[in-house]
Every structure is written in C-alpha cells, then in structure tokens.
Amino acid sequence: MSDTPNPLPGRQMPHEDYLNASYGIRSWLLTTDHKRIALLYLGSVTFFFFIGGIFATLIRIHLLTPSGALVTPETYNKLFTMHGVAMIFFFLIPSIPAVLGNFLLPLMIGAKDLAFPRINLLSWYLYIIGGCFALYSFSTGGLDTGWTFYTPLSSVYSNSAVTPAVIGIFINGFSSILTGLNFIVTIHTMRAPGMTWFRLPLFAWAQYATSIIFILGTPVIAITLLLVGLERMFHLGFFNPAMGGDPILFQHLFWFYSHPAVYIMVLPAMGVISEIIPTFARRSIFGYSFIAGSSIAIAVIGFLVWAHHMFVTGESTYAALTFSFLSYLVAIPSAVKVFNWTSTLYKGSISWDAPMLYALGFIGLFTIGGLTGLFLACLGLDIHIHDTYFVVAHFHYIMVGGAVMGYVGGLHYWWPKITGKLYPEALSRIAAITLFVGFNLTFFPQFILGYLGMPRRYHSYPPEFQVLNVLSTAGASILALGYLLPMAYLTWSMRYGKVAGQNPWPATGLEWKTDSPPPTENFHVTPEVTWEPYDFKNRPDLGLAAGAPLPAPAHGDD
Amino acid sequence: MSEHIVSPKVYFTIFAALMVGTGITVWAAFQNFGKFNIVIALGVATIKATLVVLYFMHARYSPHRTQLVIVCAVFWLAIMLGLTLADYDTRPHDMQPGEGRLVQPTPAHFLSV
Amino acid sequence: MHRTGDLYGQFQTLEQQKETAALGMWIFLVTEVLFFGGLFLTYTINRSAYSTAFGIGSNTLDIKLGAGNTVVLIMSSLTMAMAVWSAQVGKKKLVGVFLIATLGLGTVFLGVKGVEYKQKFDHHLIPGRNFDMKYHPTHPMPGDDPKELALEKKEVEEAFAHDPDINAHGQLYFSLYFGMTGLHALHMIIGAGLLVWLIKGSFAGRFTPQYNTPVEVVGLYWHFVDIVWIFLFPLLYLIDRHR
C-alpha cells in the first residue's frame, strides 16, 4: 500500500532521472544531489583504489625473491606505507558510506535528499583536497613511516614527505566527519511518514552506527596528526623522547581512532550483506533487532579495545589484560550477525546471483578474519605473532575479504538502481569466483608465513619462506583480475546493458519503489510506509504475497 | 529546538553564578589545598560548563535526543581519558614518562640510511 | 535543493528544518569535544609527568589578563544568549545590538590574547631555539615589578635544581599553552566570522520569532568555545599559584 504511482510497465528507462536532469560539468561539480555526489565519490575512490593497488602490485612483485626483487629497502618502506594510506584513508573508509550510503540513504528512508546537501558536496571537495595533498606527498619523496605514523620516526627522523601526508589525512578526516554528521541527522529527522526506527533497512542501521564512529573517533586522529605535523614543522616535543615527549601517548591517541576506523570499514559492508541475503534467499532476515542492535554494539564496544595494538610496545600489564578482555567481547556482536545471516539462509530459496556470491564470500572470509583477531587478542599468542604476516593476513581477510567484497557486492546489488541497467550475469559470477579464489591464494599463505615468523614490513625474508610468498603473489594476480572484470563489465553495462526496471531482483526496500535510475527528487510522491522490512510474504504492491510464486531475479544476459 | 523561550532573568542569574564561580576558582588557586587544588579547579569549571550547557545552550529545554548527544560526548571523552590514564597509572615506577634524564640520541643509536 | 522563502527544498516544514539544523550543530560540537579532548589528554599526561615545569610555566602567565579574559568571554556568552532571545521575542533591532556586543567582547578577548602572546615572545618563552625559562628573570623589561621578578628568579632557580631538564619540559608546557589557546583562538576567529554574517542578516531583518535558527545555531557554537576556555583557564593559568 503506498502513494507511489505504478511502476513503468515492462522494463523502461524513465524519461527524466537524476542522470539526465541537467548536463555539463558545472551541473556535476556544483551538484547538491546526493546521488550525483555518490557518483563523484565512486570515481574518486576507484582512482585511489588503483593507486593503492599499484603499490600492492609492486610490493608483491618485490617479495617474489628472498632478497627483494624490485626496489631498495627504503623504497620498500615507502611502498607499504603509501599502499596503506591510500587504501585505508582514501578508499576503504569512504567507500561504502560515501558511495552507497550517500546514494541510498535518502531513498531508503523516503527523503528527498540528505539533511545538509551542500555540506555533502563540501565533504566531497574536502576528500579531493585531502587526496591532492596525499598525492603530492606520494610524488615528492613518498612516505616511509608506515600508515600508522609511529613517532618519533614520523615526527622527527623520517626524511619523507610526512607533513603534506598528515595534512591530507587531516582534511580528509573532516570529509568523513561531515558525512557522518549528515547521516546521523538525516536518519533522525528526515524519515518518511511511517518509517519508524524498526522499519529502517539494516543498511541504514549500519550507516548510523558507522556515523557514530565517524563523529566520535575521527576528531581524535585529526588532532593527533595535527600535533605530529606541528612537531615536525616547529621541532616541538610531544611525542619525542629526546625532548621529554612520549611515543606511547601518540599510539594511544592514534589507535583511539584507528581501531574504531576498522569498524567504519566493516560495519557498512555488514549492512550491505544484511540487504543482499534476504533478497537472494527470498526470506525475511532472521533476528532483525539483534542485527540492528549488534551494529550499535560493535560501534560502542569498538571504542574500548584500541590498546590491543600496543600489547608489546610499552603499555602496562593491567592495561593489556583489560584491553585483551574487551577485545574478546567485541567479537560477540559480530558473531551474532554471522549466526543471523546463516539462519536467514536456512530453508531459503537461494539464487546464486553475483551479489549473493559476494555476500557468501563475505560471511566465510569475515569469519576467518574475525576469529584470527581473537588469536591476536590473546596476550601470550600476540607476543609471537604481533608484527608478523599473521596480522597482515588477519586484517586483509576482514578488509578485503570482508569490506571490499561487501562494497563490490553492494555495487552489483544496487547497480540497476543507480544506472537503470543490468550487468551480464554469467560474467559477474565468474568474476566473483575469481575474486574469491585469488583472494584466498593471496592471503591464506600469509597466515602460515606469519605463524612461522616472517615479520611484516620487511623488504627481505629467509629463503625458506619463498614458496609461500610466490603463492601469495600468484594469488594477487588472480585477485587483480577479479577486480578488473567488474570494472570492465559494469562500465560496459552503463551503455549497453539491458534495462533493469524499477525492481529487478525483486527486493522489498523503499529504494526499489521508485524508478531506476531515480528522479532527482527521489520519489514523485512522498511515500508512506505501512509495511515491515524484508517481508517477502506480504507485499502485494511488489507482487510478493504468501502463496504467490516468487519471481526470478532479472539478468543482464537473459 | 523548542518553543520554550528562556527569560533574560534566567540568563542574568546564570551569568552572576558564572562570575561567582570564576571568583571562587581564582581565590582557591591561591590557597594551599594540596591535592585538592586541582579537584576544586576542575570541579568548579565543570559546574560552570554545566550551567552554560543547560541554560545558555538550552539543553535543559531540549528534546531528550539532544541531551543524549551531550551525555555521549562527555562519556566518550571519559573513555579516552580514563582508559589511557589507567594505562599510565598502572605502570611500574620506572616506566612512567618523565622518569630519569633526557638522553639525546647519538648517531650510533639509529641505523644509517 | 531549492529554497522557497526560509524553507530549503529537502525539508517538509520549517520545524523540521530547525530541528535538523540544531541537531547538526550539536553533533558538530561533539566532534569538537573529542578534538579538544585529544589536547586535554596530552596536557594531562605531560602535566603529571612534569609538574614542576608546568608549575613555573603557568606562573609566568598574567593571571589578571587571564581572569579578565574569562569574564569577557562569559559576558559574550550572555550577550549571545540575549541575541537569541531578542530574535525569539521579535525585537529585531536588539538582535543586532547584542550580536555586535558579542563580537566586540570576542575581539577584546583576542586582543588580550595577542598582548599575552607578545609578552611570551619578549620573554623568550616561545618553544624553539630561543626558548629559555631563565631569560626573563635575568633580563628585566620595562614595567616589571622588581619584587615579583626576584621571586620568579628564585622559583626558576629552584626548579632548575629540582629538574635539570626544565627547559625541555617547559617547552612542552608552552607548546601545549600555545597549541590549546591557539586552537581556541582560531575557533573564536571563525566564530567572529560567523557573527559578522549574522550581523549582516540581522540588519536585513532576517531573524524573526518564526525563523531565528542561524542565531540559535551560531549561539551553540559560541557557547561551546566559551566552555573550552572555562576549562583552559584553570588548567593553564592556575596550576601552581598557591606556592
């Protein structure tokens, strides 16, 4: 039941949508339409993904031989640093919130736009300016401090372009803060009539939890990096032991943000999974309120565990015990989600479409990544595996196997809504499997390498580790193919893809009740929500009712 | 935020209270209360800040949501300060910052690049 | 999104717009709490490690100027609150009067800060190559009270005996002093800019009982900046006055 007009008959492109509403570069660079801003972000984060990917490629090629095949030790330090900075600050953190969150949030809650459209555009410009500073740093001397900027290397001794890099990350931080602010306020005040908190899609809950972290965490790294920059520029001594400063204080301040930052990277991906699974299992999500609550729980508890990054760098034993215990606690809400997704799949009517393949891959890989986090949280074990490839594998399982798969899966899932077109299904399934295989071949050997003792951030290694390193590099080439394929066919589909229609999967969210692509004002008539979320049995307005046959998902190559 | 219009009388009363608070802070600073000097200073500052938040910023008359936002800000600040200070406070004496003399690094102390 | 009258296109009602703007500013202030909070944490760790240096560093600050500035800033919060009230009850002319008063008091605050900073420069207390806590007691300047200067000299010599690295630790104090008050002053300058924008609007008669959100929202920001100073003043100026 709703006020929205009937969907266009058959599958048609709408006459006027947000893409053709106005033309010219000014209409894009000065837009305040959240959908266009999302696409601006899509272009920019993809660019930085390439930058980070190039550094990763160079790293993996260099590590083909024990003494280092490609670059000098100093350059190697720069490669892993710039890979980390580009990927974390300029790709992973903005990716799902700024691309999918920006595009979908107003649609999902029935609003015309976010609460502050002009601030949304400012966020993008801050991202770009921050990115320019980072690129300037990369190209004038690079950065060799590690993405963690530990002092006094970063504040005193490093000869690389630290100051422009920290300025860039500082400015980018404000981009994040404003996005988080926009999302929180939007969800509080801009919901359509009938869209109560417990009718919100779980993606919205995930964005809300992520935004809490944006607001509370990002300012701390902003001030920390500002202090590092000031220390470097004016020879101050906050974090320099030779001047009475304290490097551990830097680490406390840095990780207070950077640990919750990893939840910024994974919570939105979990939100994507919570949307994909019900749609392609044709079942209501199991335990909606537990998944919603666990998102908030992860955001909150995630702020209580930061010093587990400092077990061996000088914190007190009592602090280490406390943070170890709290780190075990934070695994619980994540586990709740995994159980609930799995329960949703049980006795569902599964379609093996690309978004579902990415979601299933997420569940498996995130579980491995998350459980290995518990290995690291164990104090005795951490002494042996801290700063080894075990850690590298752990976080790549979550960040790549988890967050990036969630991002790519989400792009596929909402691609018909964003562009109005379908992508070729067979090719997309091949790409998903390629990515999964390539990923595991790249990073599973790294667990073994780390456990055997290979340190991270080292440009060379003992010869007995070579086989595993070669396997990892081989996997990386397959992984790269897994990324390039979607970039190719998704771009292709924008011009040549089959028309998607309003609701190709079909799915139950409010975003699927408007045209694909949506009009600039999102809905021709403000919707009024009278249904519960993920209700596949009781949505006659979408052709979904108990007893009625479930329509198959539309495919681009039918 | 709300239709409740706070009267100038309230504002002037709070202002007077803030002036008294400032006076107490300065007076107390010149007395020797030992360890309690800092407690008094921060305590009075907290009371003054609370008055500003409640009355000048209308938090008293704001929706519960706004009040929750304020509580969260203070709570998170407390987490950051509390857990970090807990680390420093539970370290053995020789691992405290400020222990011992400053050592200037000599070239032998770091790797040649 | 287009604007019709005071209502921006993404909103359904003026009430929704007002609620949204206020919530937005409160959330922004939360980020500011955590932003300054990092500095307060740095201050806390350093003060507990170097209490001697922090004590004599603090004693070089002019308590009359500091307390005076505190009064000035709290007064500006009062005038800001009165500006909001004036808009709420429809006294359009008073809005401009109170906003100008707020701006004036803020400017006085910044002026006094400038005087204090200059004094630190003259006394070789800016962190860097020329930093020397012994400089001022051994190089009297015109206008110095000789008794106070002698007291300061004695204090500094005692401190050096107690903590030979006091110049390094004192630099930490002054780095934090300039960092925290500098960041605070930057926020005040931004606030001053916002006040100028509001004053322009008030002269154009923009703020009425139906629409006074910008005044309310800038007011929230201004009060927050005041609160930061309410904490900065005792923490920086009043550390060790009772010796």
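Residues numbered from 1 in each chain as written. Chains lettered and ligands numbered in written order. Predicted model: local features only at pLDDT ≥ 70, side-chain atom pairs only at ≥ 80, totals over all residues.

K.L.:
What am I meant to see in the overall build of chain C here?
P.N.:
Secondary structure assignment for chain C yields eight helices and two strands. Ordered by position from the N terminus, the helices and strands of chain C form the series β-β-α-α-α-α-α-α-α-α. Counting only C-alpha atoms and orienting by the principal axes, one finds that chain C spans roughly 70 × 35 × 30 Å. Looking at chain C residue by residue over its 243 residues, the buried ones come to 50%. Nonlocal contacts in chain C, meaning residues at least 24 apart in sequence, comprise 75% of its contacts between residues at least 6 apart. (Helix = DSSP H or I, 4+ residues; strand = E, 2+ residues; numbered from the N terminus. Buried ≥ 20, exposed ≤ 12 C-beta atoms within 10 Å, placed from the backbone. Contact = placed C-beta atoms within 7 Å.)

K.L.:
Looking at this structure, I do not really get the overall build of chain A. What am I missing?
P.N.:
Counting secondary structure elements, chain A contains 15 helices and two strands. For a compact globule of 558 residues, the expected C-alpha radius of gyration is about 24 Å, and chain A comes in at 23 Å, within 12% of that figure. Its C-alpha atoms give chain A principal-axis dimensions of roughly 70 × 45 × 45 Å. Per-residue burial for chain A yields a buried fraction of 61% across its 558 residues. For chain A, long-range pairs separated by at least 24 residues make up 84% of all intrachain contacts whose partners lie at least 6 apart in sequence. (Rg over C-alpha atoms; globule rule 2.2 N^0.38 Å.)

K.L.:
Honestly, the interface of chain A and chain B in this entry has me stumped. Any pointers?
P.N.:
Interface size is commonly expressed as the accessible area that is lost once the parts come together. The interface of chain A with chain B comprises 18 residues on the first partner and 18 residues on the second. Contributions of two or more residues to the side of chain A that touches chain B are made by helix H7 (202-234), helix H8 (247-281) and helix H10 (317-345) of chain A. Classifying every residue of the side of chain A that touches chain B gives 10 nonpolar, five polar and three charged. (Nonpolar A, V, L, I, M, F, W, Y, C, P; charged D, E, K, R; others polar.)

K.L.:
I'm lost on the interface of chain C and chain B in this one. Help?
P.N.:
With 39 residues of chain C in contact, the opposing surface of chain B contributes 39 residues. With 12 residues, the top contributor of residues to the side of chain C that touches chain B is helix H1 (residues 14-49) of chain C. When its residues are assigned to classes, the side of chain C that touches chain B shows 28 nonpolar, seven polar and four charged.

K.L.:
What is the right way to read the environment of Met494 of chain A from this model?
P.N.:
All names here are of chain A. Locating Met494 in the fold gives a position in helix H15 (residues 466-496). C-alpha of Met494 to C-alpha of Tyr407: the two residues are 87 residues apart in sequence and 18 Å apart in space. When neighbours within four sequence positions are excluded, Met494 is seen to be in contact with Thr419 and Lys421.

K.L.:
When you look at the environment of Ala474 of chain A in this model, what are you seeing that I'm missing?
P.N.:
With respect to the helices and strands, the residue Ala474 of chain A is situated in helix H15. For Ala474 of chain A and Arg199 of chain A, which are 275 residues apart along the polypeptide, the C-alpha to C-alpha distance reads 46 Å.

K.L.:
Got a minute to help me understand the environment of Ser160 of chain A in this structure?
P.N.:
All names here are of chain A. Tracing the sequence through the fold places Ser160 in the loop between helix H5 (153-157) and helix H6 (162-189). The buried category is assigned to Ser160, around which 21 C-beta atoms lie within 10 Å. Linking Ser160 and Leu143, residues 17 residues apart in sequence, is a C-alpha distance of 5.0 Å.

K.L.:
Just to check I follow, could you spell out unusual backbone geometry for this structure?
P.N.:
Trans is the prevailing form of peptide bonds, just as negative phi is the prevailing case for residues other than glycine. Residues and elements named next belong to chain A. With omega at -5°, the peptide bond leading from Thr151 into Pro152 counts as cis. For Pro152, the location among the structural elements is in the loop between helix H4 (117-139) and H5. Of note in the backbone geometry, His235 takes a positive phi value of approximately 55° without being a glycine. When you line up the elements, His235 lands in the loop between H7 and H8. The phi dihedral of Tyr534 is positive, around 60°, even though this residue is not glycine.

K.L.:
Just checking my understanding: could you explain the packing of helix H2 (residues 34-62) of chain A against H4 of chain A for this structure?
P.N.:
All names here are of chain A. Here H2 crosses H4 at 15°, and the two axes come no closer than 10 Å. Considering the angle they form, H2 stands roughly parallel to H4. Where H2 crosses over H4, the handedness of that crossing is left-handed. Residue-level contacts link His34, Ile37, Leu40, Tyr41, Ser44 and Phe48 of H2 to Pro117, Asn120, Leu121, Trp124, Tyr127, Ile128 and Gly131 of H4. The residue makeup of the contact of H2 with H4, split by class, is nine nonpolar, four polar and no charged. (Axes fitted to C-alpha atoms, helices over the stretch in contact; angles between N-to-C directions. Parallel < 35°, antiparallel > 145°, perpendicular 65-115°, else oblique. Left-handed = near helix turned anticlockwise from the far one by under 90°.)

K.L.:
Any chance you could explain helix H1 (residues 8-29) of chain B here in plain terms?
P.N.:
Residue pairs three or four apart in sequence face the same way in an α-helix, which turns once every 3.6 residues. The first and last C-alpha atoms of H1 of chain B sit 32 Å apart over 22 residues, in line with the 32 Å expected at 1.5 Å per residue. Every buried residue of H1 of chain B is listed here: Tyr11, Ile14, Phe15, Leu18, Thr22, Thr25, Val26, Ala28 and Ala29 of chain B. All buried residues of H1 of chain B project into a common sector of 165° when viewed along the axis, lining one side. Of the exposed residues in H1 of chain B, the ones pointing more than 90 degrees away from its buried face are Lys9, Ala16, Val20 and Trp27 of chain B. Contacts made by the buried residues of H1 of chain B are with helix H2 (36-56) of chain B together with helix H3 (63-88) and helix H8 (213-237) of chain C. (Expected span 1.5 Å × (residues − 1). Arc of directions from axis to C-beta.)

K.L.:
Help me out: how do you make sense of the packing of H1 of chain B against H3 of chain C in this one?
P.N.:
Relative placement of two packed helices is described by the angle separating their axes and the distance separating the axes. Remark: H1 of chain B packs on H3 of chain C, axes separated minimally by 10 Å, with the N-to-C direction vectors making an angle of 170°. By the criterion of interaxial angle, the relationship of H1 of chain B to H3 of chain C is roughly antiparallel. For H1 of chain B against H3 of chain C, the interelement crossing comes out right-handed. Facing H1 of chain B, whose interface residues are Pro8, Tyr11, Phe15, Leu18, Met19, Thr22 and Val26 of chain B, H3 of chain C presents Ile63, Ala67, Thr70, Val71, Ile74, Leu78, Ala81, Met82 and Trp85 of chain C.

K.L.:
Just to check I follow, could you spell out the confidence of the model for chain C for this structure?
P.N.:
Keep in mind that low pLDDT regions are not for reading the predicted coordinates in detail. A residue-level look at chain C finds 99% of positions with pLDDT of 70 or above and a mean pLDDT of 94. Quick note on the complex model: pTM equals 0.95, ipTM equals 0.94. (pLDDT = per-residue confidence, 0-100.)

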